[in-house]
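If you want the building blocks of each chain, they are given just below.
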Amino acid sequence: MDPPFDVALTQSVDALPTGPGLAYEPKYDGHRATVERTDSTVVLRSKTGREITSVWMDLAVPAMSLRPGVILDGEIVVYRGGALDFGAVQQRAASGHARGRSLASDLPASFVAFDLVQHPEEGDVRSRPYRERRAWLLEEVSADPPIQPTPMTTDADEALVWWEAMRAQGVEGLVIKTLGGPYPGGSRGGWLKLRHADTVDCRVVGYAGPVARPTHLAVELPDGRIVLSRRVSAPVRLRIAALAGPGQGGRERTAKGEPYIAWDRGPLVEVLAGTTRHATVTVVRVRE
């Protein structure tokens, strides 16, 4: 392949897709970039294909450890105070060569690789399924900073744990890919994104299962409907169990006839916005 190339784009969704054959990754708040390891050097390019190597020499130098022929797609990020700092990335990106070298010591960058589009032996692998590209990515990129592969899971419940746990670190949300899908260069829809902004607050009015280990929550939606959520994640379950305690109300049923134990003054929870319009509601976080 002859860089630059059209990078894959994401399409927003308002509900977390679930089911077999899906992969979930954190969505980072940084600058999209590609890293190409040639026979003699490293070339970094922006999302639009503009060469940006001179601004990010603190990434170009360690990228020399990649094998010649590797091309990565990923995100340039800057951590400050334990969280992603998009302003710092913008400051670095807007700097000239001399200023960039100075800023690199104060605001060191990291590159999170989330796909491999060219392999030293296999060549252009954009048409290959993501599960194969992911395996090659893990072979070619070590877990050592500043160039690292992004975490990935095929477990939707684990993805929801990431959704909550990584929010404080500045992670924007989740990217959802199809394990059998090719690299969708230049198009939207092949990769999906679910952002933290796409949530609504709902009041818990009950739960299903034992109080020490509730499995589902009965929530009152903004339109007044009361519905049962999908099975809650472990962090949500533990927090609800701690807040509920013994002695809640009697048994009630949703409009669909689903039984639950009533809770008069339950906490607020964050629900994926789009799921409130469908049969399954996904709770992602208990509000404090």
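Residues numbered from 1 in each chain as written. Predicted model: local features only at pLDDT ≥ 70, side-chain atom pairs only at ≥ 80, totals over all residues. Heavy atoms only, no water.

As for the environment of threonine 199
Take threonine 199: it is sitting in strand E12 (residues 199-208). Classification of threonine 199 by relative accessible area gives buried; the value is 18%. A sequence separation of 54 residues divides threonine 199 from proline 145, and the C-alpha atoms of the two residues are 32 Å apart. (Helix = DSSP H or I, 4+ residues; strand = E, 2+ residues; numbered from the N terminus. Buried < 20%, exposed > 50% of the residue type's maximum accessible area, 1.4 Å probe, protein only.)

So, the pattern of salt bridges
Charged atoms that come close allow side chains of opposite charge to pair. The final tally for this structure, using the stated rule, is 18 salt bridges. Ionic pairing is found between aspartate 223 and arginine 225, a salt bridge with its closest N-O pair at 2.8 Å. We classify aspartate 223 as exposed; its relative accessible area is 54%. Among the charged side chains, a salt-bridge network with shared partners connects Glu164, Arg167, Glu270 and Arg285. (Salt bridge = Lys/Arg side-chain N within 4 Å of Asp/Glu carboxyl O.)

Structural notes on the environment of serine 229
By the element assignment, serine 229 lies in the loop between strand E14 (226-228) and helix H6 (234-244). Judged by relative accessible area, serine 229 falls into the buried class, the value being 5%. Separated by 154 residues in the primary sequence, serine 229 and glutamate 75 have C-alpha atoms spaced 34 Å apart. Those residues within four positions of serine 229 in sequence are excluded, and the remaining contacts are His216, Leu217, Val281 and Val283. (Contact = heavy atoms within 4.5 Å.)

Some words on the sheet that holds strand E1 (residues 10-12)
Taking strand neighbours across the sheet as the criterion, the four strands line up as E1-E11-E10-E2 in an open arrangement whose pairing is mixed. The open sheet has two free edges, formed respectively by E1 and strand E2 (22-27), since each of these has just one partner strand. For this sheet, the mean angle separating the axes of adjacent strands, direction not counted, is 30°. Sheet analysis places E1 next to strand E11 (residues 191-195), joined by three bridges and oriented parallel. Within E11, the residue paired with glutamine 11 across the bridge is leucine 192. (Pairing = 2+ DSSP bridges. Axes fitted to C-alpha atoms, helices over the stretch in contact; angles between N-to-C directions.)

Thoughts on the pairing of strand E3 (residues 31-37)
Of all seven residues in E3, six are buried; the element is thus mostly enclosed. Judged from the six bridges that link them, E3 and strand E5 (residues 71-80) form a sheet pairing that is antiparallel. The partner of alanine 33 across the bridge, within E5, is glycine 74. The pairing of E3 with strand E4 (residues 42-46) spans five bridges and is classified as antiparallel. Counterpart to valine 35 in the pairing with E4 is leucine 44. In this structure, the hairpin formed by E3 and E4 is closed by a connection of four residues.

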